[in-house]
Amino acid sequence: MDLTYTEEEQDFRARLRAWLGKVLPELPAKPSPDDWPGRRAYDLGWQRRLYEAGYAGLHWPVDAGGRGATPTQHLIFLEETERAGAPYVGANFVGLLHAGPTIAAEGSAGQRARWLPPVLRGDEVWCQGFSEPDAGSDLASLRTRAVRDGDDYVVTGSKIWTSHAEVADWCELLVRTDPQAPKHRGISWLAMPMDAPGVTVRPLRTLAGSTEFAEVFLDEVRIPVANRVGAENDGWRVTMVTLSFERGTAFVGEVVACRRTLGELARTAKANGRWDDPVLRRRLGRLYGEFGALWRLTQWNVSESQGSGGVPGIGGSVFKLAYSHARQELYDVAAEVLGAASLSLEEEWTLDRLSSLSYTIAAGTSQIQQDIVAERILGLPKGR
């Protein structure tokens, strides 16, 4: 991992910074948090601007529509867009960070040509249909059934915690195609059109009042066999590719955001008199060190993924485990710094704090990540 900047990379940073300085003031006002169609349009509008400027899929392979940028250029892009306060991927995060990279790595030439350009252009939104009501952390226990009928699969079942399902065009869907096989071997990965007959979306309201999650009910939904990514019953392996992106590189922009938030907290503490508390200063200092280490680990993971054909390794579980807990502590400290202001649901800080509580569950619980680290990295025997 070489962390020095070449002249080309320094020029890339300067051009990106100049472009952001020009385009960000031209963006329309952000829509209301409850206006999901408006948020979809806003997020995809930003993606279209990135595409037209040549920044969409910056680190994706060239044959997948990206620019094949170096890991360092990718990290520079994340640093500069966060520093400038640019929009996040938002409603398009599954397509850009999970499904798209999976299709780029595992899809056929025809699948890549069909699904990747619309993601990069900001034309289509994806959601993730993995979790089920009776198969939480034990994802391989999923029951949604797909029965082969000619050139289609007929799918029946339900999914839960499906982010942005109500505004999605496609769903990366895990289904059981062989109920007689061991649970990890009878699964397939399908791309399901969300407007297919038999698909019902029921939004779920979170503690913060948001409806970004949904239940999705599937009643004999017909999905073409051609929409299967990977071989039939090989979906668990393909899913591990998806989860490696979700845990290994999908959070990198958020580390930059947390480091910026930490700086804002320090400035707020100095302004409101809390900085005189030595215990608070120690907590902020420790978090500063933790997020600095997480950023170095991020650089390692991004570099490793580049060296392995773009697919992150199991080190992503180390990152995800540490990041989830560090983010929760960050917003615990924020509540201490802000006092009563942190209790209002009108405050962005409060919404971020409530959101942080989900990070030890989302993308694989901390207990699952601990098992992965113990078994696959440390070589410890499997638990019962």
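Refer to the structure above for everything that follows.
First, a word on scope: everything that follows refers to the structure included in this document.

Cut-offs used in this document
Residues numbered from 1 in each chain as written. Predicted model: local features only at pLDDT ≥ 70, side-chain atom pairs only at ≥ 80, totals over all residues. Heavy atoms only, no water. Helix = DSSP H or I, 4+ residues; strand = E, 2+ residues; numbered from the N terminus. Buried < 20%, exposed > 50% of the residue type's maximum accessible area, 1.4 Å probe, protein only. Contact = heavy atoms within 4.5 Å. Pairing = 2+ DSSP bridges. Phe/Tyr/Trp six-rings, centres within 6.5 Å; stacked < 30°, edge-to-face > 60°. Lys NZ or Arg CZ within 6 Å of the ring centre and 35° of its normal. Expected span 1.5 Å × (residues − 1). Polar contact = N/O pair within 3.5 Å; in protein donor to acceptor, adjacent residues only side chain to side chain. Salt bridge = Lys/Arg side-chain N within 4 Å of Asp/Glu carboxyl O.

Our focus in this paragraph is the environment of Leu 96. The residue Leu 96 is located in helix α4 (residues 93–106) in this model. A relative accessible area of 8% places Leu 96 in the buried class. Sequence separation between Leu 96 and Leu 120 is 24 residues, and the spatial gap between their C-alpha atoms is 7.4 Å. Sequence-distant contacts of Leu 96, defined by excluding residues within four places in its chain, comprise Gln 47, Trp 60, Val 89, Pro 101, Val 119 and Leu 120.

Glancing now at the pairing of strand β3 (residues 152–159). In the case of a regular strand, side chains alternate between the two sheet surfaces. As paired strands, strand β2 (residues 145–149) and β3 are joined by five bridges and run antiparallel to one another. When the sheet's bridge partners are listed, Asp 149 is paired in β3 with Asp 152. The loop that links β2 with its antiparallel partner β3 comprises two residues; one of these, Gly 150, has a positive phi angle of about 65°. Bridge count between β3 and strand β7 (residues 213–224): seven bridges; the pairing is antiparallel. Across the sheet, the residue bridging to Val 154 is Arg 222, located in β7.

In this section: the packing of aromatic side chains. According to the stated counting rule, one finds eight aromatic pairs in the structure shown. Note on Trp 19 and Trp 46: the rings are 5.7 Å apart at their centroids and 35° apart in plane angle, and the pair reads as tilted. Residue Trp 19 is found in helix α1 (residues 7–23), and its partner Trp 46 is found in helix α2 (residues 36–53); the two are separated by 27 residues along the sequence. Accessibility expressed as a relative area gives 18% for Trp 19, which makes it buried. Residue classification places Trp 46 among the buried residues on the basis of a relative accessible area of 4%. Among the aromatic side chains, those forming a connected cluster through ring pairs are Phe 12, Trp 19, Trp 46, Tyr 55 and Phe 77. When the ring centre of Tyr 153 is taken as origin, the NZ or CZ atom of Arg 148, which lies over that ring, is 5.8 Å away. Across from the ring centre of Trp 275, 4.8 Å away, lies the NZ or CZ of Lys 270, which sits over that ring.

Another point: α2. The end-to-end C-alpha distance of α2 is 26 Å, a good match for the 26 Å that 18 residues give at a rise of 1.5 Å each. What α2 keeps buried is the set Trp 36, Gly 38, Arg 40, Tyr 42, Asp 43, Leu 44, Trp 46, Gln 47 and Leu 50. Elements that come into contact with the buried residues of α2 comprise α1, α3 (71–83), α4 and α5 (109–121). Residue Asp 35 occupies the N-cap position of α2, its side-chain oxygen lying 2.9 Å from the main-chain nitrogen of Gly 38. Positive phi shows up at Gly 54, right after α2, with a value of about 85°.

Side-chain pairing between opposite charges can occur once the charged atoms of the two side chains come close. Throughout the structure, instances matching the rule amount to 28 salt bridges. Salt-bridge contacts for Glu 336 lead to Arg 274; the nearest nitrogen and oxygen are separated by 3.7 Å. Of the two residues, Glu 336 sits in helix α9 (residues 315–338) while Arg 274 sits in the loop between α7 (252–272) and α8 (278–307), which places them 62 residues apart along the sequence. The class for Glu 336 is partly exposed, based on a relative accessible area of 25%. Judged by its relative accessible area of 24%, Arg 274 falls in the partly exposed class. Between Glu 329 and Arg 283 there is a salt bridge whose closest N-O contact spans 3.8 Å. In this pair, Glu 329 is assigned in helix α9 and Arg 283 in helix α8, connecting sequence segments 46 residues apart.

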